[in-house]
Amino acid sequence: MSKRTAVMAALVPALLATTVGLTPAHATPRAPAAVVTLTYDASAAGPWSDSIAQAVRNWNDAVHNVRLEPAGSSGSADYVYEATSGWPEATLGPIFPGGYGDVQLGQQAVNEGYDATRITAHETGHILGLPDDYSGPCSELMSGHGPGTSCTNAKPDAAEAAQVDSNYAAGLAAAHRPRHQVVIDVWSGRTRTGSH
Ligand SMILES: [Zn+2]
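S.K.: Teacher, can you tell me more about the pairing of strand 2 (residues 66-70) here?
M.R.: In the case of a regular strand, side chains alternate between the two sheet surfaces. Pairing geometry for strand 1 (residues 36-44) and strand 2, over five bridges, is parallel. In the sheet register, Tyr40 faces strand 2, and the bridge partner there is Pro70.

What follows is the structure, encoded as structure tokens:
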């Protein structure tokens, strides 16, 4: 934790300085905010690497105010993808540069028959600040396991993309947020009973 804190302390002023430096002196106050670049580390995601690459492409194709890119080094990443044996879970963002997000790509959801790329794109949606909407249609990413295992859609719909663009519309000016919560997704169509 102390190492990351040190990295953040070093990174945030550098990013802010860069943003200020890019703004021309004669820019109007209404100039659009710079695109926010979020970096990720997938070095611990093992078999999910293809799904991560596709999910990232899908998000980058759909939104304009934030861009996802592999981190130059794992210690500098704004969020991480990691393979786990449990249920998928993710930090509920929006995550900003210098913050910390964690996506756990849980094998248990794949074992239940859900599409790995849809799972990855859904969990990435949490990083970008979208909540779950399990009752939504397959055309939504954030409906998650709701539409069942036959749903393999891994692209956000227009409303989801618009919400993410809105979350990042102010650029780095919106970066100071309260502590994030973690969303745990049980990707299962089974009815849960008992006290488990
Ligand atoms: Zn979810």
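Moving on, there is more to tell.
S.K.: Would you mind showing me how to read the side chain of Asp165 here?
M.R.: Position of Asp165 among the secondary structure elements: in helix 5 (residues 158-167). Buried and without a salt bridge, Asp165 has Arg67 as its closest oppositely charged side chain, separated by 10 Å. With residues up to four places along the chain from it excluded, the contact list for Asp165 reads Ala62, Val63, His64 and Asn65.

S.K.: Teacher, can you tell me more about the coordination of the zinc ion here?
M.R.: Working reference: metal with six octahedral donors, ideal angles 90 or 180 degrees; metal with four tetrahedral donors, ideal angle 109.5 degrees. The coordination sphere of the zinc ion contains the protein donors His122 (NE2), His126 (NE2), Asp132 (OD), Asp185 (OD) and Asp185 (OD), at a distance range of 2.0 to 2.2 Å. For Asp185, a relative accessible area of 0% translates into the label buried.

S.K.: Looking at this model, I keep getting lost on the state of the cysteines. Mind explaining?
M.R.: Here, the word disulfide means a covalent bond between the sulfur atoms of two cysteines. All told, the structure shown has one disulfide when counted by the stated rule. Cys138 shares a disulfide with Cys151; S-S distance 2.1 Å. As the torsion about the S-S bond is roughly 90°, the Cys138-Cys151 disulfide counts as right-handed. Taken as a pair, Cys138 in the loop between helix 4 (116-127) and helix 5 and Cys151 in the loop between helix 4 and helix 5 lie far apart in primary sequence, 13 residues in all. A relative accessible area of 4% means that Cys151 is categorised as buried.

The rules behind the values
- Residues numbered from 1 in each chain as written.
- Predicted model: local features only at pLDDT ≥ 70, side-chain atom pairs only at ≥ 80, totals over all residues.
- Heavy atoms only, no water.
- Pairing = 2+ DSSP bridges.
- Helix = DSSP H or I, 4+ residues; strand = E, 2+ residues; numbered from the N terminus.
- Buried < 20%, exposed > 50% of the residue type's maximum accessible area, 1.4 Å probe, protein only.
- Lys, Arg positive; Asp, Glu negative; His and termini not counted.
- Salt bridge = Lys/Arg side-chain N within 4 Å of Asp/Glu carboxyl O.
- Contact = heavy atoms within 4.5 Å.
- Donors = N, O, S within 2.8 Å, 3.2 Å for Na, K, Ca; no water.
- Disulfide = S-S within 2.5 Å.

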